[in-house]
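# Results of the structural survey
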Amino acid sequence: TNWVVILTRNGDYSETSKAFHIEQIKVHADVLPHTHNFIELAYLAQGRLLHHGGGRTIPMMKGDYVLIDHSCPHSYTYCGEQAEVINCLFQPAFLD
């Protein structure tokens, strides 16, 4: 299958039909619990965050990443310094 990687800033992947999407997000406040209908690989490029999901809380520092399954509730706690997250989002069928 042919595919194209889309790079945007603060886009809304859930409204697109793309199989794969990359976005850069600046985090400067808590991110409330939420779910997605896609799989998310979140790479912390800058700052610190606490990631809550799957019944665990994981402290994240620059260079860390977390893989979040579709429909898994998760959230972030802001740790006082602006964080930059690079999100790689893809539909479960992308892995098939």
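Residues numbered from 1 in each chain as written. Predicted model: local features only at pLDDT ≥ 70, side-chain atom pairs only at ≥ 80, totals over all residues. Heavy atoms only, no water.

## Some words on the overall build of the chain
Test applied: Here a helix means four or more residues in a row that DSSP labels H or I, a strand means two or more in a row labelled E, and each is numbered from the N terminus. When a residue's accessible area, from a 1.4 Å probe over protein chains only, is under 20% of the maximum for its type it is buried; when over 50% it is exposed; and in between it is partly exposed. Throughout, a contact is declared for two residues whenever any of their heavy atoms are within 4.5 Å.
From N to C terminus, the chain includes zero helices and nine strands. Counting helices and strands in the order they occur from the N terminus, the chain gives β-β-β-β-β-β-β-β-β. Counting across all 96 residues of the chain, residues that qualify as buried make up 31%. Considering only contacts in the chain between residues 6 or more positions apart, those separated by 24 or more positions represent 66%.

## As for the pattern of salt bridges
Definition in use: We define a salt bridge as a contact between a side-chain nitrogen of Lys or Arg and a carboxyl oxygen of Asp or Glu at a distance within 4 Å.
Evaluation of the coordinates by the stated rule reveals two salt bridges. A salt bridge links E84 to K26, with the nearest nitrogen and oxygen atoms 3.0 Å apart. In this pair, E84 sits in strand β9 (residues 83-90) while K26 sits in strand β2 (residues 20-27), placing the two residues 58 residues apart along the sequence. A salt bridge links R48 to E81; the shortest N-O distance between them is 3.2 Å. Here the residue R48 occupies a position in strand β5 (residues 48-53), and E81 occupies one in the loop between β8 (74-78) and β9, the gap between them amounting to 33 residues. What makes R48 partly exposed here is its relative accessible area of 36%.

## Notes on the nonpolar core
Nonpolar side chains in soluble globular proteins tend to end up buried together. The condition is simple: Here, nonpolar core means buried Ala, Val, Leu, Ile, Met, Phe, Trp, Tyr and Cys residues that are tied together by side-chain atoms lying within 4.5 Å of each other.
The biggest cluster of nonpolar side chains holds 10 residues, and these are V27, A42, L44, L49, M60, V66, I68, Y76, A83 and V85. Where this core is concerned, the elements lending two or more residues are β4 (39-46), β7 (65-68) and β9. Excluding residues that lie within four positions of it along the chain, L44 makes contacts with L49, M60, M61, K62, G63, D64, A83, E84 and V85. Membership of the second largest hydrophobic core comes to five residues, among which are F20, I39, C88 and F90.

## What to know about the confidence of the model for the chain
Where we set the bar: One confidence number per residue, pLDDT, is output by the predictor and ranges from 0 to 100.
Mean pLDDT over the chain: 82, with 80% of residues reaching 70 or higher. Low pLDDT, under 50, characterises residues 1-10; the stretch is placed with 19 contacts to residues that sit more than four places away or in other chains.

## Some remarks on the sheet that holds strand β3 (residues 31-34)
We apply this condition: Paired strands, as defined in this entry, are two strands with at least two bridges between them according to DSSP. Fitted lines through C-alpha atoms serve as axes, helices being fitted only where they are in contact, and the angles separating the N-to-C directions of these axes extend from 0 to 180 degrees.
Overall, antiparallel pairing links the four strands, which are arranged β3-β8-β5-β6 in an open sheet. At either end of the open sheet lies a strand with only one pairing partner, and these are β3 and β6 (56-61). Sheet twist, expressed as the mean angle between neighbouring strand axes with direction ignored, is 20 degrees. Inspection of the sheet shows β5 paired to β8 by five bridges, in the antiparallel sense.

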